[in-house]
Amino acid sequence: MEKIRTRYAPSPTGKMHVGNLRSALYEFLIAKHAGGDFMLRIEDTDQERFVDGAIEIIYRTMARTGLVHDEGPDKDGGYGPYVQSERMKTGIYMKYAKELIDKGEAYYCFCDRERLASLKTEVVEGKEISIYDKHCLGLSSEEVQANLHAGKPFVIRQNIPNEGTTTFHDELYGDITVENSELDDMILIKSDGFPTYNFANVVDDHTMNITHVVRGNEYLSSSPKYVRLYEAFGWKVPVYIHLPLITDENHKKLAKRSGHASFEDLLEQGFVTEAIINYIALLGWSPEDNREIFSLQELIENFDYHRISKSPAVFDIVKLRWMNGEYIKSMDFDLFYGMAEPYLRSALPGDFDLKKIAAMVKTRIEVFPDIADMVDFFREMPAYDVAMYNHKKMKTDVASSLEVLREVLPVLEAQEDYSNDALYQALSAYVERKGCKNGYVMWPVRTAVSGRQMTPAGATEIMEILGKEESLRRIRKGIEMLQNA
Ligand code: GLU
């Protein structure tokens, strides 16, 4: 069987969009699942869209996510160059374009802007495009030669007949047949000598021996034209896999304005790389069972591309948050601490046992920025409502809480050892003397020292962090509030 070869072929136009990262991931998984090769090719033929620094983003993201390529601009595998602008300099695109001209499958076009502007236009996928009328196909070879000789600017166009149909196969969509009359004579070589993406992808995928092409389904409508090129050359058409659209919660195409459309956005929002990759893997693919948590290695083992779905994938930030929380929970503590420390430090400047606090929040946060809200009560007692002392299940209310806090105060004043264990013992002894339930005491104490309905730890753990002086100050303040209630 032939070795599977896939490629990630980004255009360096800016951030790493979630859709691009998904294409890269799926290409990587398809290759690795089958023991094949995965390569990186930079598609920079559209010089106008080129953004400085975008290539660095591509490398950085791939290294960070573990999508290690076997071949690429920095790793020659014998199919280079791996950057289209460099491939262009080898003359490869022009050579193949001329081969198509010789075969009658392409032709020189000398029409100037004015003439093109006067052509009929059609709206295709929301964009107004002009349909070329094959005017230059009618030029005699003498006219063509004379124009070339005179240095007249030209493009090279694909010659698609007006009659008949073209059929191609997609692994997910099956066979798709289109009327040739609906296909425009697209430009293969631009007037600046660069190939268009539409031409370069075909020449490159073939000459780099790519077996599987994975890309967004916005390319579905161009695929018949690509297939005609393969057929014109007599080349084997690769396996095509067009991925479903990724939408936001409102079922609109995931875009910048959603705030989480790029890998960089997600990192900034405190998501963990492994969780992002895991989540993106599920945007359009699912395993046979309902399993959701996969390491990259497990994805490689389980990824069967036949299970990619055609329905749009909704990017659900709530789900990603949940998944991220799962990754944080199972993360090695030191690694977690390294990532959490900056958030803890900025929320709690001063003298706090941040490691202990980190251990408290580790199982409770979904993303790192959640830390601030969860721990800021350590720094400063928040304002709270006495109604918080009323707890049905704990059977506490304002009166019972006042009584408990008053009785507990001398116990805590007498207590020297403010470690969690010692405090817990002291309060448990009080609970026993009183003959009540634990919560009947712990609820008002925790409320008094935190002012929060939800805390990352119990009353005594909180007091251990606060220390004796601050804990007592808060309990006394609680008593005062309850008295005035
Ligand atoms: N350069 C194209 C893009 O970034 C690649 C599409 C493809 O995979 O062929 O969208």
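Here the structure is a predicted model, which is why all the values come from computation and not from measurement. (Residues numbered from 1 in each chain as written. Predicted model: local features only at pLDDT ≥ 70, side-chain atom pairs only at ≥ 80, totals over all residues. Heavy atoms only, no water.)

Student: Honestly, the site of the ligand in this entry has me stumped. Any pointers?
Tutor: Taken together, Arg7, Ala9, Pro10, Ser11, Glu43, Tyr197, Val214, Arg215 and Tyr219 make up the full set of residues near the ligand. Tyr197 is positioned with one of its side-chain polar atoms (N or O) 2.5 Å from an oxygen atom of the ligand. At 2.7 Å from an oxygen atom of the ligand is found a side-chain nitrogen or oxygen belonging to Arg215. About the coverage of the ligand: the protein hides 86% of its 300 Å² of free accessible area. Of the residues assigned to the shell around the ligand, the class counts are 5 nonpolar, 1 polar and 3 charged. (Near = heavy atom within 4 Å. Polar contact = N/O pair within 3.5 Å; in protein donor to acceptor, adjacent residues only side chain to side chain. Areas by Shrake-Rupley, 256 points an atom, 1.4 Å probe, with all protein chains shown as cover. Nonpolar A, V, L, I, M, F, W, Y, C, P; charged D, E, K, R; others polar.)

Student: Explain the environment of Gln145 here, please?
Tutor: Following the sequence through the fold, Gln145 ends up in helix H6 (residues 141–149). Judged by its relative accessible area of 48%, Gln145 falls in the partly exposed class. (Helix = DSSP H or I, 4+ residues; strand = E, 2+ residues; numbered from the N terminus. Buried < 20%, exposed > 50% of the residue type's maximum accessible area, 1.4 Å probe, protein only.)

Student: Just checking my understanding: could you explain the layout of surface pockets for this structure?
Tutor: Rolling a probe over the atoms, with the probe sized like a water molecule, indicates the empty space that remains. Approximately 300 Å³ is the volume attributed to the second largest pocket. Taken together, 18 residues form the lining of the second largest pocket, with Ile210, Thr211, Lys236, Val237 and Pro238 sitting closest to its centre. Secondary structure elements with two or more residues in the lining of the second largest pocket: strand S7 (165–170), helix H7 (197–207), helix H8 (223–233) and strand S11 (239–243). Grouping the constituent residues of the lining of the second largest pocket by class yields 8 nonpolar, 4 polar and 6 charged. (1 Å grid on protein atoms, 1.4 Å probe; cavity = no way out; pocket = protein on both sides within 12 Å on 5 of 7 lines; lining within 4 Å. Points joined across faces, edges and corners; volume = space filled by probe spheres on them.)

Student: Help me understand the pairing of strand S2 (residues 37–40) in this model?
Tutor: Residues in a regular strand project their side chains so that they alternate between the two faces of the sheet. The side-chain alternation of S2 yields two buried faces, one formed by Asp37 and Met39 and the other by Phe38 and Leu40. Sheet topology note: the strand S1 (residues 5–8)/S2 ladder contains 4 bridges and is parallel. If you follow Arg7 over to S2, its bridge partner there is Met39. With helix H1 (residues 18–33) bridging S1 and its parallel neighbour S2, the resulting β-α-β unit is right-handed. (Pairing = 2+ DSSP bridges. Right-handed = clockwise from strand over helix to strand, strands pointing away.)

Student: Help me understand the pattern of salt bridges in this model?
Tutor: Pairs may arise between side chains of opposite charge once their charged atoms sit close together. Counted under the stated rule, the structure contains 32 salt bridges. In this structure, Arg7 engages Glu27 in a salt bridge whose closest nitrogen and oxygen atoms are separated by 3.4 Å. Of this pair, Arg7 sits in strand S1 while Glu27 sits in helix H1; the two residues are 20 residues apart in sequence, bridging distant segments of the chain. In this structure, Arg7 and Glu27 share a single accessibility class: buried. For Arg41, the salt bridge identified is with Asp205, shortest N-O distance 2.8 Å. Highlighted residues: Arg41 in the loop between S2 and helix H2 (54–65) and Asp205 in helix H7, separated in sequence by 164 residues. On the accessibility criterion, Asp205 (1% relative accessible area) is buried. (Salt bridge = Lys/Arg side-chain N within 4 Å of Asp/Glu carboxyl O.)

Student: Explain the sheet that holds strand S9 (residues 187–189) to me, please; I cannot follow it from the model alone.
Tutor: Across a sheet, strands are paired by hydrogen bonds formed along the backbone, either parallel or antiparallel in direction. If you trace the 3 strands from one edge of the open sheet to the other, you get S3-S6-S9, paired in antiparallel fashion. Each end of this open sheet is capped by a strand with a single partner; those strands are strand S3 (106–109) and S9. On average, each strand axis in the sheet is tilted by 40° relative to the strand beside it, whichever way the strands run. In terms of strand pairing, S3 meets strand S6 (residues 155–158) through 4 bridges, oriented antiparallel. Bridge pairing links Tyr108 to Ile156 in S6. (Axes fitted to C-alpha atoms, helices over the stretch in contact; angles between N-to-C directions.)

Student: Before we go on, may I ask you to explain the state of the cysteines in this structure?
Tutor: Here, the word disulfide means a covalent bond between the sulfur atoms of two cysteines. Going through the model one piece at a time under the given rule, you end up with 0 disulfides. No disulfide involves Cys109; its nearest neighbouring cysteine sulfur is the one of Cys111, lying 4.0 Å away. In this structure Cys109 comes out as buried when scored by relative accessible area, which is 3%. Its relative accessible area of 15% is what places Cys111 among the buried residues. (Disulfide = S-S within 2.5 Å.)

Student: What is the right way to look at unusual backbone geometry in this model?
Tutor: Note the cis peptide between Gly80 and Pro81, where omega equals -5°. With respect to the secondary-structure elements, Pro81 resides in the loop between H2 and helix H3 (84–89). If you check the backbone angles, Asn209 has positive phi at about 60° while not being a glycine. Its location among the elements puts Asn209 in the loop between H7 and strand S10 (212–216). Taking the relative accessible area as the measure of exposure, Asn209 reaches 41% and is therefore partly exposed. Located in the positive-phi region is His251, a residue other than glycine, with phi close to 65°.

Student: Help me understand the packing of helix H13 (residues 333–347) against helix H14 (residues 354–362), please; the structure alone is not making it clear to me.
Tutor: When two helices pack together, their arrangement is given by the angle between their axes and by how far apart the axes lie. Put simply, H13 and H14 touch, their axes get as near as 10 Å, and they point 105° apart. Taken together, H13 and H14 sit at an angle that is classed as roughly perpendicular. For the pair H13 and H14, contact is made by Phe333, Phe336, Tyr337, Leu344 and Arg345 and by Leu354, Lys355, Ile357, Ala358, Ala359, Val361 and Lys362, respectively. Split into classes, the residues belonging to the contact of H13 with H14 amount to 9 nonpolar, no polar and 3 charged. (Parallel < 35°, antiparallel > 145°, perpendicular 65-115°, else oblique. Contact = heavy atoms within 4.5 Å.)

Student: So what exactly am I meant to see when it comes to the nonpolar core here?
Tutor: Considering soluble globular proteins, one finds that nonpolar side chains tend to be buried as a cluster. One finds Phe315 and Phe378 to be the most contacted residues of the largest nonpolar core, which totals 104 residues. If you tally residues by element for this core, the top one is helix H19 (residues 459–483), at 10 residues. Within the second largest apolar cluster, 33 residues are counted, among which are Tyr108, Phe168, Tyr197 and Val202. (Core = buried A, V, L, I, M, F, W, Y, C linked by side-chain atoms within 4.5 Å.)

Student: Looking at this model, I keep getting lost on the packing of helix H16 (residues 398–414) against helix H18 (residues 438–450). Mind explaining?
Tutor: Running from N to C, H16 and H18 point in directions that differ by 80°, and their axes come no closer than 9 Å. Relative to H18, the element H16 is oriented roughly perpendicular. When H16 is examined against H18, the residues Ser400, Ser401, Val404, Leu405 and Val408 are found in contact with a partner set consisting of Tyr440, Val441, Pro444, Val445 and Ala448. In terms of residue class, the contact of H16 with H18 is made up of 8 nonpolar, 2 polar and no charged.

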